[in-house]
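Results of the structural survey
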Amino acid sequence: MKNESIKALIISANAPSIEQKTRFQNFLSKKYGLEVEIVWKKDETVQKGFKLEVAGDVYDWSVEGRFSQFEKSISNIGYQRDVIPLLKEKIDGFIPKALAEEQGTVLTVGDGIATVSGLENATYGEILLFSSGVRGMVQELNDDYIGCILFDDDEYISAGSIVKRSGKMAGIPVGDAMLGRVVNALGAPIDDKGEIKTEEFYPVEKKSPGIIDRQPVNEPIETGILCIDSMFPIGKGQRELIIGDRQTGKTAIAIDTIINQKGKDVICIYVAIGQKASSIAKLTQTLTNYGAMDYTVVVNASASESAPLLYLAPYAGCAIGEYFMDKGKDVLIVYDDLSKHAVAYRTISLLLGRPPGREAYPGDVFYLHSRLLERSAHLSDSKGGGSMTALPIAETQLGDVSQYIPTNIISITDGQIFLENDLFFSGQRPAVNVGLSVSRVGSSAQYPAIKKASGALRLSLAQYREMEIFTQFSSDLDSATKHQLKFGADLMRLLRQEQYNSYKLHEQVILLVAALNNIIDVDTENVGKFAKELLEYFHLKYPSICTKIDTTCDMSDEDKQQIIAVSMEFSKQLGW
């Protein structure tokens with residue numbers, strides 16, 4: 001305090017005596033270290049007690065205030081809520097501790113941001129309660145004021161509004177009841193299916209598991225997409241980025257992966273950031289049609305929401321996932337997309353007055369996503385052995401992966417699936433660029449059957465892409481080069497896959513073995529038809545080998561030779 005004395009306001013129905021004033025002055029001078037001037041204000045509503053306001057703190061020793069403290073005290077020792085009203089008349093002799101309730105004042109408000117003075121002890125991430133019932137979270141700490149983001153409509157707040165600290169960090173309700181529901185960034189249902197009854201809360205911001213609490217990523221999450229499972233396997237606890245330009249099929253890969261988890265005891269969470277409400281409604285209906293909503297939670301912060309809710313959404317989704325991970329379950333979470341999330345955070349930071357850096361993003365934008373994605377892990381057996389696998393999505397402009405946000409997320413994640421514009425518009429779906437895509441976990445998160453079947457698939461495709469570039473202007477090619485080009489084109493055609501048409505493990509193994517052993521020797525445009533009829537032939541004539549591969553997740557040399565023999569038999573019988 002800069003002044004030599006401070007003013008204390010006593011609010012009560014009756015004026016305090018000289019002796020009471022002296023006690024107040026002694027107490028406050030000792031607490032604040034300054035001389036205190038006592039001012040009395042009459043208020044008939046304050047019965048059997050008083051309120052004391054000093055230096056932004058409020059001491060409530062009225063009957064209502066004492067009852068509030070008493071209620072909290074007895075609730076901590078197991079009293080039932082229905083007996084508390086009966087005890088209210090018994091508390092006249094209850095003397096609470098002299099606890100200050102810190103109180104602040106709104107300075108400015110607008111665009112989902114409020115600046116507040118007077119809350120000197122507020123901490124970063126703490127929830128603030130405004131007099132109108134609006135909630136906010138502290139995001140900026142300055143010498144003279146604090147900045148907070150608002151979770152509710154700011155039209156109910158104005159300069160001069162009273163703000164109080166809650167002493168709690170932001171949290172979200174979690175539990176099994178969330179499954180099959182669509183919620184907003186605060187965990188409230190927005191699907192018109194009624195209240196979600198949960199008993200636990202998880203903080204939206206939480207420290208990621210340490211090294212000791214993790215174990216290696218060595219179990220696969222099957223996407224059902226041939227080109228991904230064979231060349232860029234995703235493991236439980238991994239963070240695999242899906243990156244590409246707008247409208248190149250990024251979300252389609254994520255949705256196919258969620259649908260493919262049906263019957264595999266994997267909880268899925270889809271976090272939509274800044275998307276149209278109609279798009280989310282269509283997506284939710286698709287998941288419902290394929291029976292995927294039974295094990296899925298959709299967290300939606302649509303484009304019409306404020307920037308603070310868009311900022312909070314992925315952390316809320318992560319907290320829901322951590323609940324299931326802590327229960328020992330496997331979780332798959334999709335963040336769609338983190339580019340919009342970064343833009344929302346940039347908006348908040350600029351409104352809070354933080355200095356802008358590269359592309360106007362704040363200096364801590366890397367930490368924004370690293371502290372989110374590091375929470376995905378494969379926990380050790382002592383921690384329950386659960387896992388949370390993250391599929392973050394990032395958008396590029398004209399295929400430029402060197403942009404600020406994509407580069408940051410690439411450096412955080414364990415690999416990326418890069419979708420290319422040219423491939424997409426040429427009809428290659430999914431439009432995965434084999435050269436730029438990678439999984440840093442590699443074959444350690446791949447079933448032995450797929451590992452043995454895929455062989456030199458990626459090398460063959462890389463050679464094809466290189467040869468295609470060098471020979472596009474040449475008209476005179478030798479037979480070996482023509483064969484190599486034909487083989488590569490057939491492989492690319494085989495990797496085309498319709499959306500919502502996932503392959504099972506044995507189907508992927510059969511197709512890879514047949515293709516890499518030059519059995520699919522048909523016109524390139526007929527490769528898809530050949531593959532479909534080959535799988536039907538196996539299901540009809542040789543179901544035992546299909547069942548064996550799915551059960552053991554492995555393929556012996558005898559199995560491989562049988563697949564080759566049956567494939568050749570099919571090719572000859574049908575005259576392909």
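Residues numbered from 1 in each chain as written. Predicted model: local features only at pLDDT ≥ 70, side-chain atom pairs only at ≥ 80, totals over all residues. Heavy atoms only, no water.

1. Thoughts on the overall build of the protein
So the rule is basically this: The secondary structure listing takes helices from DSSP runs of H or I that are at least 4 residues long and strands from runs of E that are at least 2 residues long, numbered from the N terminus. Radius of gyration here uses only the C-alpha atoms, and the compact-globule reference equals 2.2 Å multiplied by the residue count raised to the power 0.38. Contacts: residue pairs with any heavy atoms within 4.5 Å of one another. In this tally, Asp and Glu contribute negative charge and Lys and Arg positive charge; neither His nor the terminal groups of the chain are included. Lys charges are placed at NZ, Arg charges at CZ, Asp charges at CG and Glu charges at CD.
The number of helices and strands found in the protein is 18 helices and 20 strands. In terms of C-alpha radius of gyration, the protein reaches 31 Å, well past the compact-globule figure of 25 Å for 576 residues. Oriented by its inertia axes, the alpha-carbon framework of the protein measures out at about 110 × 50 × 40 Å. For the protein, the proportion of contacts with a sequence separation of at least 24, taken over those separated by at least 6, is 73%. Considering the protein, the positive charge centre built from 60 side chains and the negative charge centre built from 75 side chains are found 3 Å apart.

2. Topic: empty space enclosed by the protein
Stated formally: Only protein atoms enter the 1 Å grid, on which a cavity is a set of points fitting a 1.4 Å probe that cannot get out and a pocket is an open set with protein on both sides within 12 Å along at least 5 of 7 lines, lining residues being those with an atom within 4 Å of a point. Grid points are joined across faces, edges and corners, and a volume is the space filled by probe spheres set on the points. When residues are sorted by character, Ala, Val, Leu, Ile, Met, Phe, Trp, Tyr, Cys and Pro go into the nonpolar class, Asp, Glu, Lys and Arg into the charged class, and all the rest, Gly among them, into the polar class.
The full count for this structure, using the stated rule, is two cavities of 30 Å³ or more. Reported here for the largest cavity is a volume of approximately 90 Å³. Residue lining of the largest cavity: P220, I221, E222, D229, P233, I234, A445, Q446, Y447, I450, L505 and Q508, and that is the complete set. By residue class, the composition of the lining of the largest cavity is eight nonpolar, two polar and two charged. In this structure, the second largest cavity encloses a volume near 50 Å³. Along its surface, the second largest cavity is lined by C227, M231, Q428, P430, V432, V434, M492 and L495. Of the residues assigned to the lining of the second largest cavity, the class counts are seven nonpolar, one polar and no charged.

3. What to know about the packing of helix α14 (residues 479-494) against helix α15 (residues 505-516)
Convention followed: Helix axes are fitted to C-alpha atoms over the stretch in contact, other axes to C-alpha atoms as well, and angles between N-to-C directions run from 0 to 180 degrees. We call two directions roughly parallel when the angle between them is under 35 degrees, roughly antiparallel when it is over 145, roughly perpendicular when it lies between 65 and 115, and oblique otherwise.
Where α14 contacts α15, the two axes come as close as 11 Å, and the packing angle between them is 170°. Judged by the angle between their axes, α14 and α15 are roughly antiparallel. In this structure, α14 uses F487, L491 and L494 to contact α15, whose residues at the interface are L511, A515 and L516. Its residues placed into classes, the contact of α14 with α15 shows six nonpolar, no polar and no charged.

4. Considerations on the packing of helix α17 (residues 543-552) against helix α18 (residues 557-573)
A pair of packed helices can be characterised by two numbers: the angle between their axes and the separation between those axes. Keep this limit in mind: A clockwise turn of the near helix away from the far one marks a right-handed crossing, whereas an anticlockwise turn of less than a right angle marks a left-handed crossing.
Contact geometry for α17 and α18: axes closest at 11 Å, N-to-C directions at 140°. Considering the angle they form, α17 stands oblique to α18. Classified by chirality, the crossing of α18 by α17 is left-handed. From α17, I545, K548 and I549 reach across to α18, where they touch D559, Q562 and I563. Class assignment for the residues of the contact of α17 with α18 results in three nonpolar, one polar and two charged.

5. So, the pairing of strand β3 (residues 51-54)
Here is the rule: The rule is simple: take the accessible area with a 1.4 Å probe, protein chains only, and divide by the maximum for that residue type; under 20% is buried, over 50% is exposed, in between is partly exposed. Any two strands with at least two DSSP-identified bridges between them are counted as paired.
Judged by which residues are buried, β3 turns out to be one-sided: L52 and V54 face inward and are buried, whereas K51 and E53, on the alternate face, are not. Summarising the sheet, strand β1 (residues 5-12) and β3 pair through four bridges and their orientation is antiparallel. Bridge pairing in β3 links A8 to V54. Counting the residues in the hairpin turn of β3 and strand β4 (residues 57-60) gives two residues, including A55, whose phi is positive at 50°.

6. A closer look at helix α9 (residues 365-373)
Counting buried residues along α9, seven of its nine residues qualify, which places the element largely inside the surrounding structure. Those residues of α9 that sit buried are V365, L368, H369, S370, R371, L372 and L373. Buried-residue contacts for α9 involve α7 (307-326), β17 (330-336), α8 (338-351), β18 (387-395) and α10 (404-412).

7. As for the environment of I469
Among the structural elements, I469 can be located in helix α13 (residues 457-471). For I469, a relative accessible area of 52% corresponds to the exposed category. For the pair I469 and Y335, spaced 134 residues apart in the sequence, the C-alpha separation amounts to 35 Å.

8. Quick notes on the confidence of the model for the protein
Heads up, the condition is: Think of pLDDT as the predictor's per-residue confidence, scored from 0 to 100.
In this model, the protein carries an average pLDDT of 88, and 91% of its residues clear a pLDDT of 70 or more. For the stretch residues 72-99, pLDDT sits under 50, and the model shows 31 contacts to residues farther than four places along the chain or on other chains.

9. Some details on the sheet that holds β17
Here we have eight strands laid out as an open sheet, ordered β12-β16-β15-β17-β18-β14-β19-β20, and mixed in their pairing. A single partner strand is all that each edge strand has here, and the edge strands are β12 (182-183) and β20 (438-439). The pairing of strand β14 (residues 241-244) with strand β19 (residues 415-419) spans four bridges and is classified as parallel. Within β19, the position partnered with I242 by the bridge is I417. Contacting β15 (266-273), β17 and β18, α8 crosses the sheet at an angle of about 75° to β18.

10. Remarks on helix α1 (residues 18-32)
Using the following cut-off: One fewer than the residue count of a helix, multiplied by 1.5 Å, yields its expected span.
Its 15 residues place the ends of α1 21 Å apart at the C-alpha level, agreeing with the 21 Å of an ideal helix rising 1.5 Å per residue. Two residues or fewer past α1, G33 is found with a positive phi of approximately 70°.

11. Digging into the nonpolar core
Worth spelling out the cut-off: Side-chain atoms within 4.5 Å link the members of a nonpolar core, which is a set of buried Ala, Val, Leu, Ile, Met, Phe, Trp, Tyr and Cys residues.
Counting residues in each nonpolar core, the largest one holds 79 residues, and the members touching the most others are I258, Y270, L287, V509 and I563. Considering each element in turn, this core owes the most residues, eight residues, to α15. Listed in part, the 62 residues of the second largest apolar core include I127, F151, F324 and L379.

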